[in-house]
Amino acid sequence: MSASLTFWKPGTVGPGSNLDRASEVEGNIIPYAPSHSLLSTQGQLPISKHREKLLYCVEKYGATIVVGQTGCGKTTQLPQYLLQAGWADGGHVIACTQPRRIAATSVAARVADEIGVKLGDEVGYTIRFEDVSSKERTRILYMTDGMLFRETLVDPLLSRYSVIMVDEAHERSVYTDLLLGILKKIRQKRPSLRIVVSSATLDATKFLDYFSQGGSEDDAVIVSLEGRMFPVEVAYLKEPTPDYVRKAAQVVWDINLQQNSGDILVFLTGREDIERCLEELAHMLPTLPPRSIRLIPMPLHAGLTTEEQLQIFQPAAPGTRKAIISTNIAEIRVYNPTTALASLATVPVSVASATQRAGRAGRTSPGICYRLYPMSVFTTLPPTTSPEITRTDMTTPILQLKSLGIDDLMKFDWVSAPPAETVLRALEGLLAAGMIDEYGRLTMIGEQVSECPVEVGIARMLFYSKDHKCGEEILTIAAMTAVQDVFVIPDGAAGALAELERRKFTAEEGDHFTLLNAYNAFTRYGRSSGWCKSHALSFRAMSRAVSIRSQLKKYMQRFNLPIESCEGDSKRLAKCLVSGYWRNGARWTADGTYRSVRGNMVLSVHPTSVLFTRKPRTGWVIFHEMEETKKTQYVDQNMRVLTITNGAFSG
DNA sequence: ATGTCAAGT
């Protein structure tokens, strides 16, 4: 059924003119997969053929590694098979963890629907701030992996679970890795626990080796489910492109002109590229020939509201075609343990995720994948993306591991170990903060802080608010620092107006006080979204801050920390802030930059900080975080940009 | 005189 693909003949306008085909095909033009198949998990479920094999393996092996494409049905079906096979008998629970909240909730809803039960009864989900499950009735529980990891602090053997399925393990999020490490340990003490590790890529042997190591032959097995259902043709550029965003727009345009049906899904590295790609397409749209399919470009990234994100699932109207311009994780956070500096780096896609993405075009019909680089580049790509645990700050996770009784971190059986320097840096920080003693043992405050779902410094600040009698305000500041993008400042003329609104909250003392003002005003004016809109605030961010604040308040009450107001005494508040940020001090210099107290690094204030246009009265500031940015139009390349607040280093 | 962003508790 395939095709001579006329648009690829030399000399024609379009992707064909500069594309190399990976495979020759014959017949008519291959139709594109409709968008629901690109983005959702509907369609046939090849997993059903493997039902008996899977159940046999879970029964016999401690860890079953399941390899199958996203959408093959493992996430929704396997827990149901386990339920039918009796794994939830005797009050036991089958857990399925996801790296993202949206996945945990949407999958739970679908499975409840399939079984025909009310969500929250036999089938439920648990994510932060939302527990839609029943302690007595829930048999299949979907949850974020971070949530289950946290549960180990309360129940170290996770005794209510009979089977734990760690889904999307190939993504290697920090919590997935930590959870796998803990699960292996739990199995030594509780061999009846069964582990299912689900991976969409072939690097699953890594998990097999991990769970086989140090055990008997019955410890781990791989079950491979059927691969992609329809052929996906892969096309490459003949020459590398100097501007891949523009190229992406051109290819989208050419596909629209030359293909009769189906939607288009594009992966770019970040929000900025998405905006630019949409602009390019907007310029081209008026030149669309009459009677051709109407192209509807749609952005997709985490900065959108949930409603906006859900819109992409709506089928395109007749005569139209969606082009979804989406982010991926090509832009990853890297962390330098020597300088404790995090920055965002654009890295090449890995072979594993490029393969997985191509598979998305073949869910319900044959499809085509256009790679915007030459085939020769593909062979040089790294096989997989490095696990997050190898490139992130580990202070909080290590405190949590300590709390679980895992003291010797060098000997901990990591799936992938964090760099030794990262571990040392974390231990050093915990020691300085008084969370561990010189022997590496948890202190009393360390034990309590390990339970708090905020960064160590922020938690420390909450505990010290008792001494400064300002728990009320510190609670708010702690919650506000945990949400991002509080102020909404658009580009252009609207931005200038928004800037004026923001100034109404601005406090001379710095960003933390400004955030406090914004929060207090938000609650004073009835927590309305309309009020936020007219005051340049994000209603979503503010509402989240309210949730986080009430959660943190419960922790403070549990630890008998008083929630008193400082009654407008900003000095007291500033002193308390320093107790959390005492390691993040910087000194003003005459050229307008700062020098960090630790490391004497050159720092610049981020333009979103209220201190961007101010000189600190005392010459000293504390700051929330420092991060290396891409924009280096500063005096020299070593300049750091940071979010900063004027603290109380007056001394 | 100027602006990083995938995800989680």
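Everything below is about the structure printed above this text.
These numbers come from a predicted model, not from an experiment.

(A) The arrangement of the side chain of Thr176 in detail. Among the secondary structure elements, Thr176 is positioned in helix α6 (residues 174-189). Accessibility expressed as a relative area gives 0% for Thr176, which makes it buried. Polar side-chain contacts of Thr176 include one of 2.9 Å to the side chain of Ser173.

(B) Focus on the pattern of salt bridges. Evaluated as defined, the whole model comprises 20 salt bridges. A salt bridge links Arg276 to Asp243, with the shortest nitrogen-to-oxygen separation between them at 3.3 Å. Of this pair, Arg276 sits in helix α9 (residues 271-284) while Asp243 sits in the loop between β10 (232-237) and α8 (244-258), and the two are 33 residues apart along the sequence.

(C) Molecular detail of the packing of aromatic side chains. What the rule picks out here adds up to 12 aromatic pairs. Ring plane angle 85° and centroid distance 4.9 Å describe the contact between Phe412 and Trp414, whose orientation is recorded as edge-to-face. Just as Phe412 is buried, Trp414 falls in that class too. Ring plane angle 15° and centroid distance 5.5 Å describe the contact between Tyr525 and Trp531, whose orientation is recorded as stacked.

(D) Quick look at the environment of Ile489. By the secondary structure assignment, Ile489 is in the loop between α17 (471-482) and α18 (493-503). In the structure, Ile489 is positioned 12 residues away from Glu501 in sequence and 9.6 Å away in space, judged by C-alpha atoms.

(E) Just helix α7 (residues 205-212), in detail. For α7, the full list of buried residues reads Phe207, Tyr210 and Phe211. Each buried residue of α7 sits inside an arc of 85° when the element is viewed along its axis, so together they form one side. Each element contacted by the buried residues of α7 is listed here: β2 (63-67), α6, β8 (194-199) and β9 (220-224). Immediately downstream of α7, the backbone of Gly214 shows phi near 75°, a positive value.

(F) Examining the sheet that holds strand β6 (residues 140-144) more closely. The strand order β5-β4-β6-β3-β7-β8-β2-β9 describes an open sheet built from 8 strands, whose pairing is mixed. Single-partner strands in this sheet number two, and they are β5 (130-132) and β9. With direction set aside, neighbouring strand axes in the sheet form an average angle of 20°. Relative to β9, β2 runs parallel, the two sharing 5 bridges. Paired with Thr64 across the bridge in β9 is Val221.

(G) Summary view of the pairing of strand β3 (residues 93-98). For β3, the tally of buried residues reaches 6 of 6 residues, placing the bulk of the element in the interior. The alternating pattern of β3 places Val93, Ala95 and Thr97 on one face and Ile94, Cys96 and Gln98 on the opposite face, and all of these are buried. Bridging between β3 and strand β7 (residues 161-166) involves 5 bridges; their strand directions are parallel. The partner of Val93 across the bridge, within β7, is Tyr161. Where β3 meets β6, 5 bridges bridge the pair, whose relative direction is parallel. Residue Ile94 lies in a different strand from β6, and its bridge partner there is Ile140.

(H) Representation of the nonpolar core in the model. Judged by nonpolar contacts, the single largest core of 94 residues is most densely connected at Tyr161, Ile164, Leu183, Phe211, Leu401, Met461 and Leu537. For this core, the element with the most residues is helix α21 (residues 539-558), which contributes 8 residues. Structurally, this core is a two-domain feature, drawing no fewer than three residues from each of domain 2 (46-224) and domain 3 (391-575). Discounting chain neighbours no more than four positions away, the residues touching Tyr161 are His92, Val93, Ala95, Leu141, Met143, Leu148, Glu151, Arg190 and Leu193. Judged by nonpolar contacts, the second largest core, of 31 residues, contains Leu55, Tyr61, Ile140 and Val163.

The rules behind each value
Residues numbered from 1 in each chain as written. Chains lettered and ligands numbered in written order. Predicted model: local features only at pLDDT ≥ 70, side-chain atom pairs only at ≥ 80, totals over all residues. Heavy atoms only, no water. Helix = DSSP H or I, 4+ residues; strand = E, 2+ residues; numbered from the N terminus. Buried < 20%, exposed > 50% of the residue type's maximum accessible area, 1.4 Å probe, protein only. Polar contact = N/O pair within 3.5 Å; in protein donor to acceptor, adjacent residues only side chain to side chain. Salt bridge = Lys/Arg side-chain N within 4 Å of Asp/Glu carboxyl O. Phe/Tyr/Trp six-rings, centres within 6.5 Å; stacked < 30°, edge-to-face > 60°. Arc of directions from axis to C-beta. Contact = heavy atoms within 4.5 Å. Pairing = 2+ DSSP bridges. Axes fitted to C-alpha atoms, helices over the stretch in contact; angles between N-to-C directions. Core = buried A, V, L, I, M, F, W, Y, C linked by side-chain atoms within 4.5 Å. Domains from an automatic or database assignment.

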